[in-house]
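# Secondary and tertiary structure notes
Chain by chain, the residues run as shown.
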Amino acid sequence: MSVTLKVNGVVHELDVEEEAPLLWVLRDELGLTGTKFGCGIAQCGACTVHVNGQAQRSCVTPAGSVRDAEITTIEGLSAGGLTAVQKAWIDHQIPQCGYCQSGMIMAVSALLARNPHPGDEDLAQAVTNICRCGTYSRIRAAVRALAAEG
Amino acid sequence: MPTRRTVILGVGGAAGALVVGYALWPSGRIAAADRLDAAANEKFITNWIKIASDDTITVVVPHCDMGTGTFTALAQFAADELDSDWSKMRAEQAPPDPVFANGAMIEGFALGGRTVPPFLTGLAANTFRFLAANVSIPGAGYVPQITGGSAAVRFTGMNAIRVAAAAARAMLVKAAAARWNVSAGDCETRANRVVHPASGRSLRYGELAAEAAGYDPSSRPPMKDRRHYVHVGKPVRRFDIPRKVNGTTGYGIDVALPGMLYAAIRISPVFGGRLVSIDESLAAAQRGVKHVVKLEDAVVVVADRYWRARDAAASLEPLFDGGANGSVTSETIRRRRADALNGKDVKNDLTRGSGAGALSAGRRVQAAYTVPYLAHSPMEPMNATALYKDGALEVWAGTQDGLGSRDFCARAAGLSLEKVTFHLLPMGGAFGRRLPGQWNYLTYAVRTAMAVPGVPVKLIFTREEDTQHDYYRPNVMSRFEAALGSDGMPVAWVNSYTTDDSANPEAHILYDIPNQSIGAVKVETHVPTGAWRSVEASWHGFFVESFVDELAHHAGKDPLQYRRALLRNSPRHLATLDLAAGKSGWGTPLPKGSGRGVAIVESFGTIVAHVAEVSIDSGGAVRVNRIVSAVDCGLAVNPDGLKAQIEGAILFGLTAALRGEITIDKGAVVQSNFNDYEMLRIADCPGIEVYLREDDGPVGGGGEPGVPPVAPAVANAVFAACGVRVRDLPLRNQSFPASGGATP
């Protein structure tokens, strides 16, 4: 039983079941704990990573289904220094508890990669992640600013 | 029998008789703090204040980080009292040791002339254990490190950090003056130095720290007038945010230890039920499963990876016995609450004028309201990691009281406090869920670790277990009757409500009504309840502000003007109300099918008024388009941080008002995850505007007071939009006419 995954540009051969959830493989096998567990049923988006550049909820993604994919986590996103999205998150002082923000940042980054000038409606449709601290209005303001720059 | 709250109140009463003033450590106690928490180049000067050889000042905070930004705000206080450059300021969490117990918190509640809130009542059992260990408040016994009660700034900041920093500054000045053989009065402090202007000499704080720590601090040091603050009152960037945008903040769930195993749990669905039988072989044969641990009311699967533990736990078929509670439903609880309100056990809590006797003096108006049980559902599910080895216990977890948690784990394990190490970690939200009295996740983690000695075990609740084994915001029923005089204004106000604990001061109203009678009846159920962001104010805010609105409409008056008349002798409330109303454009026309509603609630020492704008969509559902908020907390230490707290509180309150409901069937919680316990998302987020006003009033809290006025502002706006009165939350249970006009 082994699955080969390419995460943040590094190839790992892992002794895990095909159906092992990508979220827990990232966290427990690879120690990439920036990706969070929130619900386990693809509702909340705390576990959002990029699979070939698309935002995907890793808690319901079987490891075996992303064998040949480029997987990027929040750690990989930040590898070359803070991105424009992360800087905007600081400028707008968005995180409170911060737990959902890895997923938020991954979801917003994927949106901006395919649509550099999203409107409020685009954001609302693309980013359905849950934040219990209630940072949505600041996220909206930050994405408006990024869309204006983009 | 005294309630849990009166036990604490007795303690608070003793403290209340003492001289006001925060007890600072004598110099002899500094050594203990240095041993526990100072690096080689650092020195504690007095409570909470460390200075490093490079002049960096670290505020050691007796709270934990759950996202409210208090570490930064407390550093702002210290920066001002110590005349520090902002770049030299740091903040870190205090170790969970009695040396760092937070006397200012209990003192704040005890001396604030109010009762201790229920979230502190879980401490009662812990109270006497710490009696000998603490000197801050003689007689107060256990002095905690609680994060809650919106207390960090108003109590810890105002009464502890500010005083300790000012005392530290005076000690640094003394040390410099002694070196120079000059009068301390001729020295000044600026930019992390003590200077002697007459001779032009100066010394860095880092050079003086060790000598300064040798002086006994004054509990009444000279302190800055708030008009001279440079840092307090300015929006500053929070210390914790950079690590929260790159995934490097290590929450409780992120702990990684050598050889660590992972655990998943199945708890009796009926609260208080018992595990009757379990076929462990169903799990034991699965890959990675190491142990199946049977507890009195739960079964725990321990495996080498979390998903394996979780899947194996899910495959088990444990048989639980819920006992008599197995037949309880939301409806049976509702009937018990209604019967109790009809019965003779309603105890009067407040009478003003001739109380209910004045009801005959005018036109009578009646209404009854309910709110449901609510789960906290922070984004990080409950979890804790524990290692039991060689008779000692080590625990890693996020909780709202590190010191209390250490004590709690010691007693859960039957060990002395010295045998227990507790690592308090940042929390992915809490909202009251991780307060004392609500630590089932610690209990299960400790018991599991003791069953599997020698290896660290990380227990993580699934979202389903988290939702179904919370300590819920209680469901509450409240009834009102009022009499309106010939001018339409109330002459009598009569209110009775159910409580799971004791009477709630939050039911007492801001409004100037001559005759009042307010009472409560206790109804206990088997559903565990606890503090949920803004606690009692979260329900009484809805009840009171809805009923006042109803009175205004019965009187044929504008709800804003009606409240203004009732608050004519309360200038701060009036000004806050006017600020919200003015910014919202109150009175200007809205499209048909839309409406504005207003509500004002004071809680945790802060006054908040919200104006909500809603419309009813074609499907009869409420859409909240805009919320305008005005806040008076006396002093906004970090105005941007406070605004963020109010914005978040608005969404927390709005989620509950529109969608939040935990129901009970067969003694257990029906909802399980975010698919059936739904949260608002970005698409649902209204436009939010927050306006702050300040005066020289007492300093109030920031984390909670934004919640209570949300539900009534929205419900009142719904009435304005369509003429249908909301008396039971959440709004999703009701359908509203889309085009305006009341339904029968």
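All of these numbers come straight from a predicted model, not from anything done at the bench. (Residues numbered from 1 in each chain as written. Chains lettered and ligands numbered in written order. Predicted model: local features only at pLDDT ≥ 70, side-chain atom pairs only at ≥ 80, totals over all residues.)

### Regarding the overall build of chain B
Helix and strand content of chain B: 17 helices and 27 strands. At 27 Å, chain B has a C-alpha radius of gyration in line with the 27 Å of a compact globule built from 744 residues. Each of the three principal axes of chain B carries a C-alpha extent, and together these read 85 × 75 × 50 Å. The 744 residues of chain B split such that 58% are buried. Across chain B, contacts joining residues at least 24 apart in sequence account for 77% of those joining residues at least 6 apart. (Helix = DSSP H or I, 4+ residues; strand = E, 2+ residues; numbered from the N terminus. Rg over C-alpha atoms; globule rule 2.2 N^0.38 Å. Buried ≥ 20, exposed ≤ 12 C-beta atoms within 10 Å, placed from the backbone. Contact = placed C-beta atoms within 7 Å.)

### What to know about the nonpolar core
All names here are of chain B. Of all hydrophobic cores here, the largest spans 279 residues; its most connected members are Ala78, Val301, Val714 and Val718. It is helix H5 (residues 152-180) that contributes the most residues to this core, 18 residues altogether. Among all residues touching Val718, those that are not within four sequence positions of it are Gly595, Val614, Val622, Val724, Val726, Leu731 and Phe736. (Core = buried A, V, L, I, M, F, W, Y, C linked by C-beta atoms within 7 Å.)

### Some thoughts on the pairing of strand S19 (residues 476-484) of chain B
Residue and element names in this part refer to chain B. When strand S14 (residues 363-371) meets S19, the two strands line up antiparallel, connected through nine bridges. Each residue of the ladder has a partner; that of Arg364, found in S19, is Ala483. As judged from the seven bridges shared by S19 and strand S20 (residues 490-499), these two strands associate in the antiparallel manner. Note that in S20 the partner of Phe480 across the bridge is Asn495. The turn joining S19 and S20, which pair antiparallel and follow one another in sequence, is formed by five residues; a positive phi near 85° is taken by Gly488. (Pairing = 2+ DSSP bridges.)

### Description of the sheet that holds strand S2 (residues 10-14) of chain A
All names here are of chain A. Reading across the sheet, the five strands line up as S2-S1-S5-S3-S4 and stay open at both edges, with mixed pairing between neighbours. This sheet does not close on itself; its edge strands, each paired only once, are S2 and strand S4 (54-57). Ignoring which end each strand starts from, the neighbouring axes of this sheet average 40° apart. Two strands pair when backbone bridges link them, and strand S3 (residues 48-51) and S4 are joined in this way by four bridges, in the antiparallel orientation. Paired with Val51 across the two strands is Gln54, which belongs to S4. Contacts from helix H4 (residues 101-114) reach S3 and S4 within the one sheet, and its direction differs from that of S3 by about 35°. (Axes fitted to C-alpha atoms, helices over the stretch in contact; angles between N-to-C directions.)

### As for the interface of chain B and chain A
How big an interface is tends to be stated in terms of accessible area lost as the parts join. Listed per partner, the contact involves 46 residues of chain B and 44 residues of chain A. The element that contributes the greatest number of residues to the side of chain B that touches chain A is helix H16 (residues 639-658) of chain B, accounting for seven residues. Within the side of chain B that touches chain A, the residues separate by chemical class into 23 nonpolar, 13 polar and ten charged. (Nonpolar A, V, L, I, M, F, W, Y, C, P; charged D, E, K, R; others polar.)

### Regarding helix H1 (residues 22-29) of chain A
Of all the eight residues making up H1 of chain A, seven are buried; the element is thus mostly covered by neighbouring parts of the structure. Taken together, the buried positions of H1 of chain A are occupied by Leu22, Leu23, Trp24, Val25, Leu26, Arg27 and Asp28 of chain A. On its buried side, H1 of chain A packs onto strand S1 (3-7) and S2 of chain A together with helix H8 (306-315) of chain B. Once H1 of chain A finishes, Gly31 of chain A follows within two positions and takes phi at roughly 70°, a positive value.

### Some words on the pairing of strand S23 (residues 606-616) of chain B
All names here are of chain B. Of all the eleven residues making up S23, eleven are buried; the element is thus mostly covered by neighbouring parts of the structure. The two faces of S23 match: Thr606, Val608, His610, Ala612, Val614 and Ile616 on one face and Ile607, Ala609, Val611, Glu613 and Ser615 on the other face are all buried. Across ten bridges, the pairing between strand S22 (residues 594-603) and S23 is antiparallel. Residue Ser603 lies in a different strand from S23, and its bridge partner there is Thr606. As consecutive antiparallel partners, S22 and S23 are separated by two residues, and within that stretch Phe604 has a phi angle of approximately 55°, a positive value. Relative to strand S24 (residues 622-632), S23 runs antiparallel, the two sharing ten bridges. Across the sheet, the residue bridging to His610 is Ser629, located in S24. Here S23 folds back onto S24 in antiparallel fashion, the turn holding five residues, of which Gly620 has a positive phi close to 85°.

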